[in-house]
Amino acid sequence: NAGVTQTPKFRVLKTGQSMTLLCAQDMNHEYMYWYRQDPGMGLRLIHYSVGEGTTAKGEVPDGYNVSRLKKQNFLLGLESAAPSQTSVYFCASSYSGGGSKNIQYFGAGTRLSVL
Amino acid sequence: AQKVTQAQTEISVVEKEDVTLDCVYETRDTTYYLFWYKQPPSGELVFLIRRNSFDEQNEISGRYSWNFQKSTSSFNFTITASQVVDSAVYFCALKRNDMRFGAGTRLTVKP
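Just so you know, these numbers come straight off a predicted model, no measurement behind them.

A. Broad picture of the overall build of chain A. Per the secondary structure count, chain A includes zero helices and 11 strands. In terms of overall size, chain A behaves like a compact globule, its C-alpha atoms giving a radius of gyration of 13 Å where 115 residues would be expected to give roughly 13 Å. Its C-alpha atoms put chain A at 40 × 30 × 25 Å along the principal axes. Scored against the burial criterion, the 115 residues of chain A give a buried share of 46%. A separation threshold of at least 6 residues defines the contact pool for chain A, and within that pool the share at least 24 residues apart is 55%. Put simply, chain A shows about 5400 Å² of open surface, and 53% of that area lies on carbon and sulfur atoms. Taken as two groups, the 11 positive and 7 negative side-chain charges of chain A have centres that lie 6 Å from each other.

In structure tokens form, the structure reads like this:
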């Protein structure tokens, strides 16, 4: 059981370049999330999705776009990368609802550097 | 607004010492969930515990224990008889609609 898989694991971009991060989960979770982790700031939510074809903004959405065309995949796009987007990006997924179903399971992260 | 504060940025202990990681949260909601995650040096985030706002029972799991007190808006995490493998960054998080994380506490356990 792979859980949550993120690709790529590392990436270096030049300012202005674009890229897409892929997140795939095999747990049939309805909800998926993208976070960024910066030193001293914990994780901050960028965008999330509560189901196929739906997305919503989180705490720090500017400069990012997302798409959820398939239930198992959640894509994070940077159209024009900036040095401020240098960070570690984490994808997570969970079931909908309360109880033990709202535990978020995380991927291994993608380390992105924008020069 | 939701906010999580982990005032301890870094803690260093010697193996076998007990250590408590503090977590204080702010929310106006009456229904919410609290979490602890562990991030070892390898970088992944590992789920440790979830607690809902109506369940103030303390929990013990092996060397780990959690103290949830709504009166002080705290959800503290204690490791008993710490081990080198406990060295990691620990995050406390609060969830109502979205998840808000604290800044994390880096725990170093020295042999």
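Here the narrative resumes, following the displayed structure.
B. Layout of the pairing of strand β8 (residues 73–78) of chain A. Residue and element names in this part refer to chain A. As defined by bridge partners, strand β3 (residues 19–25) adjoins β8 across six bridges and the pair is classed as antiparallel. Looking across to β8, one finds that Ala24 is bridged to Asn73. Note: strand β7 (residues 65–67) against β8, three bridges, orientation antiparallel. From the neighbouring strand, Val66 faces β8, where its bridge partner is Leu76.

C. Quick peek at the state of the cysteines. Summed over the entire model, instances satisfying the criterion amount to two disulfides over all chains. With a sulfur-sulfur separation of 1.8 Å, A:Cys23 is cross-linked through a disulfide to A:Cys91. For the disulfide bridge between A:Cys23 and A:Cys91, the dihedral angle about the S-S bond is near -75°, and by the sign convention the bridge is left-handed. With A:Cys23 in strand β3 and A:Cys91 in strand β9 (residues 87–94), this residue pair connects regions lying 68 residues apart in the sequence. Neither A:Cys23 nor A:Cys91 differs from the other in exposure class; each is buried. Here B:Cys23 pairs with B:Cys92 through a disulfide, and the sulfurs are 1.9 Å apart.

D. Quick look at the interface of chain B and chain A. Facing the 16 residues of chain B at the interface are 18 residues of chain A. At the junction of chain B with chain A, the criterion picks out one salt bridge. With a shortest N-O distance of 3.8 Å, B:Arg100 and A:Glu59 are connected by a salt bridge. At the surface where chain B touches chain A, the tally comes to two residue pairs in polar contact (both at pLDDT 80 or more). Of all the elements in the fold, those that place two or more residues in the side of chain B that touches chain A are β5 (33–39), β6 (46–52), β10 (88–95) and β11 (99–101) of chain B. In terms of residue count, β5(B) provides more of the side of chain B that touches chain A than any other element does, four residues in total. For the side of chain B that touches chain A, the class distribution of residues is nine nonpolar, three polar and four charged.

E. Highlighting the sheet that holds β8(A). Residues and elements named next belong to chain A. Pairing is antiparallel across the open sheet formed by four strands, whose spatial order is β1-β3-β8-β7. Taken across any chain shown, the strands that pair with only one partner, and hence form the sheet edges, are β1 (4–7) and β7. The average undirected angle you get between the axes of adjacent strands in this sheet is 20°.

F. Spotlight on the nonpolar core. Residues and elements named next belong to chain B. Within the largest apolar cluster, 23 residues are counted, with the highest numbers of intra-cluster contacts made by Trp36, Phe77, Tyr90 and Leu107. For this core, the elements supplying multiple residues, two or more each, are β2 (10–14), β3 (19–21), β5, β8 (64–69), β9 (74–79), β10 and β12 (105–110). For this core, the leading source of residues is β10, giving four residues. Setting aside residues no more than four positions away along its own chain, Leu107 makes contact with Ile11, Val13, Val19, Ile79, Asp86, Ser87, Ala88 and Tyr90.

About the cut-offs
- Residues numbered from 1 in each chain as written.
- Chains lettered and ligands numbered in written order.
- Predicted model: local features only at pLDDT ≥ 70, side-chain atom pairs only at ≥ 80, totals over all residues.
- Heavy atoms only, no water.
- Helix = DSSP H or I, 4+ residues; strand = E, 2+ residues; numbered from the N terminus.
- Rg over C-alpha atoms; globule rule 2.2 N^0.38 Å.
- Buried < 20%, exposed > 50% of the residue type's maximum accessible area, 1.4 Å probe, protein only.
- Contact = heavy atoms within 4.5 Å.
- Areas by Shrake-Rupley, 256 points an atom, 1.4 Å probe, with all protein chains shown as cover.
- Lys, Arg positive; Asp, Glu negative; His and termini not counted.
- Charge placed at Lys NZ, Arg CZ, Asp CG, Glu CD.
- Pairing = 2+ DSSP bridges.
- Disulfide = S-S within 2.5 Å.
- Salt bridge = Lys/Arg side-chain N within 4 Å of Asp/Glu carboxyl O.
- Polar contact = N/O pair within 3.5 Å; in protein donor to acceptor, adjacent residues only side chain to side chain.
- Nonpolar A, V, L, I, M, F, W, Y, C, P; charged D, E, K, R; others polar.
- Axes fitted to C-alpha atoms, helices over the stretch in contact; angles between N-to-C directions.
- Core = buried A, V, L, I, M, F, W, Y, C linked by side-chain atoms within 4.5 Å.

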